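Here are the chains, one letter per residue:
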Amino acid sequence: MTPRAADRARYDRATAALDAPLAIVDLEAFDANADDLVRRAGGKPVRVASKSVRCRALLERVLARDGFAGIMSFTLAESLWLARAGFEDVLLAYPSADRAGFAELARDPKLAAAVTVTVDDVAQLELIDAARAGGTEEVRVCLEMDTALRLLGGRVRIGALRSPLRTPGQLAELARSVGRRPGFRLVGLMAYEGHVAGVGDAVAGRPFRSRAVRTMQAAARRELAGRRAAVVAAVRAVAPDLEFVNGGGTGSVQHTAAEAAVTEIAAGSGLYVPRLFDGYSSFSGRPAALFAQPVVRRPGVGVVTVLGGGYPASGAAGRDRLPVPYLPEGLRYDPQEGPGEVQTPLLGSPADDLRIGDKVWFRHAKAGELCERFDALCLVEGDRVVDTVPTYRGEGRTFL
């Protein structure tokens, strides 16, 4: 029996009394992935990206482990909810226009002490000030710098369109603006190198693309390390009490951690290890989060149909954004239909061994987005479900 076949047998036994659709997290794999992130971080704390987890129980589990500290959140409403629930260090990694949320933050000492907001424009500070509604609490601020690699005199850009702030002078000027504005305190700097952390460099069957990605990423790491060090020095000259410099992502943990200017690493997808993180040469994790759909039809030889399953991930549309049939091994989509809203035909010889009601296990393309489809996660240890915990959706929270 192959390791994947053994996993399928375990998951089927663990959920034998449960009807699909359902989602699971294999706790042994989850914990092993957490240990690997800590190992790669080389002693620097890992801040957990909540968008890649979207389950309070699992956020609590990983933050109870040595090597993890703090949450990187994705909306202000989520940040406030987590802070009210007792999470004491929440970095909102994306600018917000949530005026009601800023009013709540500015009038509550507990929330203001726990939540740090990210800005890259004076206009964002002005929006926060205008939204205070009389609240006088000091707002903790983090600046974000652009990490994109620019080539050919800037005519070619590789990297996400995020912050407009790129140079030490630009970051230092915004740091001075924060310092001059009453009611704000600059505490951090962040930079997410998605073109390094979120792009696989060992794509199966594509050796030339993989080599090109490795070449690009090596150049990007060199350029960013030097520029990030200069930016941090410039910002610390303005704000010497800067508490943290955050960088990285699951795919670049060990590289970012090697930079002396970086004090903590952000990661989250590496806990679940969705399919987009299969193609990396620097690490390999264990798939920990899966979902099961039930077989409901047998249209013919070598074909079964499961209920639902059309759960595409965000990003530029393409086949890599689709879930992948994982267990049993050897199933594939019908190219004329793909994964559907209400049914998904699957082709391959394993289909002939599946009966009505059997489960087919899938991996989502991205991590936390799986939890937008399910209101609970069954936590599996060995061949038992040891707990069932709500996702954000299960707690009635759909922040985006």
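Refer to the structure presented above.
Each chain has its residues counted from 1, running along the sequence as written. Residue-level local features of this predicted model are given only where pLDDT is at least 70; pairs of side-chain atoms are given and counted only at 80 or more, and the full residue set underlies all totals for whole chains, interfaces and linings. The basis for every side-chain value is the complete set of heavy atoms in the structure, and neither hydrogens nor water enter the calculation.

Student: Looking at this structure, how should I read the pattern of salt bridges?
Tutor: It is possible for side chains bearing opposite charge to pair when their charged atoms get close. Only one rule defines a salt bridge in this text: a Lys or Arg side-chain nitrogen within 4 Å of an Asp or Glu carboxyl oxygen. Evaluated as defined, the whole model comprises 35 salt bridges. Across the pair Arg176 and Glu173 runs a salt bridge whose closest N-O atoms are separated by 3.2 Å. Of this pair, Arg176 and Glu173 both sit in helix α8 (residues 168–180), three residues apart, which is roughly one turn of the helix. Here Arg176 falls in the partly exposed class, since its relative accessible area comes to 35%. Its salt-bridge partner being Arg228, residue Glu259 comes within 2.8 Å of it at the nearest N-O pair. Of the two residues, Glu259 is situated in the loop between α11 (253–257) and β11 (264–267) and Arg228 in helix α10 (residues 207–238); the sequence distance between them amounts to 31 residues. Between buried and exposed lies partly exposed: a residue is buried under 20% and exposed over 50% of the maximum accessible area for its type, with that area taken using a 1.4 Å probe on protein chains only. Taking relative accessible area as the criterion, Arg228 reaches 1% and is therefore assigned buried. In the salt-bridge network here, residues are joined through shared partners; they are Asp146, Arg150, Arg157, Arg166, Glu223 and Arg227. Here a strand is any run of E in DSSP of at least two residues, a helix any run of H or I of at least four, and the numbering for each starts at the N terminus.

Student: Honestly, the sheet that holds strand β6 (residues 139–144) in this entry has me stumped. Any pointers?
Tutor: One key point about sheets: their strands pair by backbone hydrogen bonds, in either a parallel or an antiparallel sense. Pairing is parallel around the closed barrel formed by eight strands, whose spatial order is β2-β3-β4-β5-β6-β9-β10-β11. Direction aside, the axes of adjacent strands within the sheet are offset by 30° on average. Bridge analysis of strand β3 (residues 68–73) against strand β4 (residues 90–92) gives three bridges, and the strand direction is parallel. Within β4, the position partnered with Ile71 by the bridge is Val90. When DSSP finds two or more bridges between a pair of strands, those strands are recorded as paired. The convention used is that axes are lines fitted to C-alpha atoms, helices contributing only their stretch in contact, and that angles between N-to-C directions extend from 0 to 180 degrees.

Student: I keep staring at helix α2 (residues 27–41) and nothing clicks. Help me out?
Tutor: Each α-helix turn comprises 3.6 residues. Residues three or four places apart therefore point the same way. With 15 residues, α2 should cover 21 Å at 1.5 Å per step; its first-to-last C-alpha distance of 21 Å lies within 8% of that length. Every buried residue of α2 is accounted for by Leu27, Ala29, Phe30, Asp31, Asn33, Ala34, Asp36, Leu37, Arg40 and Ala41. Where α2 begins, the side chain of Asp26 points an oxygen toward the backbone nitrogen of Glu28, at a separation of 3.1 Å. In the stretch just after α2, Gly42 is the one whose phi turns positive, near 60°. Every helix has an expected span of 1.5 Å times one less than the residues it contains. Between N or O atoms, a polar contact is any pair within 3.5 Å; within protein, one atom must be a potential hydrogen donor and the other a potential acceptor, and residues adjacent in sequence are included only when both atoms are from side chains.

Student: Explain a nonpolar patch on the surface to me, please; I cannot follow it from the model alone.
Tutor: Patch criteria: residues need more than 30% relative accessible area and no salt bridge. Like-charged residues are merged within 9 Å; nonpolar side chains of Val, Leu, Ile, Met, Phe, Trp and Tyr are merged within 5 Å. Only the protein chains shown count as cover for residues, and all accessible areas are computed by the Shrake-Rupley method using a 1.4 Å probe. Together, Leu151, Leu152 and Val156 make up a nonpolar patch on the protein surface, roughly 240 Å² of accessible area in all. Turning to its location among the elements, Leu151 is positioned in strand β7 (residues 149–151).

Student: Is there a simple way to explain the pairing of strand β5 (residues 115–119) in this structure?
Tutor: If a strand is regular, its side chains alternate between the two faces of the sheet. When you tally the buried positions in β5, you get five out of five residues, the bulk of the element. Of the two faces of β5, the one carrying Val115, Val117 and Val119 and the one carrying Thr116 and Thr118 are both buried. Here β4 pairs with β5 via three bridges, running parallel. Within β5, the residue paired with Leu91 across the bridge is Thr116.

Student: For this particular structure, what's the right way to read the packing of aromatic side chains?
Tutor: The way to describe two aromatic rings as a pair is by their centre distance and the angle between their planes. Working definition: a ring pair exists when centres of Phe, Tyr or Trp rings (six-membered ring for Trp) sit within 6.5 Å. Plane angles under 30 degrees give stacked, over 60 give edge-to-face, the rest tilted. Inspection of every chain in the model, using the stated rule, returns 13 aromatic pairs. Consider the rings of Phe291 and Phe362, whose centres lie 5.1 Å apart with planes at 10°: the pair is stacked. Here Phe291, found in strand β12 (residues 289–300), pairs with Phe362, found in strand β17 (residues 359–363); they are 71 residues apart in sequence, far enough to count as distant. With a relative accessible area of 0%, Phe291 lands in the buried category. A residue is classified by how much of its surface remains accessible, and Phe362, at 1% relative accessible area, is buried. Aromatic pair Phe291 and Phe374: ring centres 5.9 Å apart, planes at 40°, arrangement tilted. One end of the pair, Phe291, is in strand β12; the other, Phe374, is in the loop between β17 and β18 (376–381), with 83 residues separating them in the sequence. Chaining the aromatic ring pairs together yields one cluster made of Phe74, Trp81, Tyr392 and Phe399.

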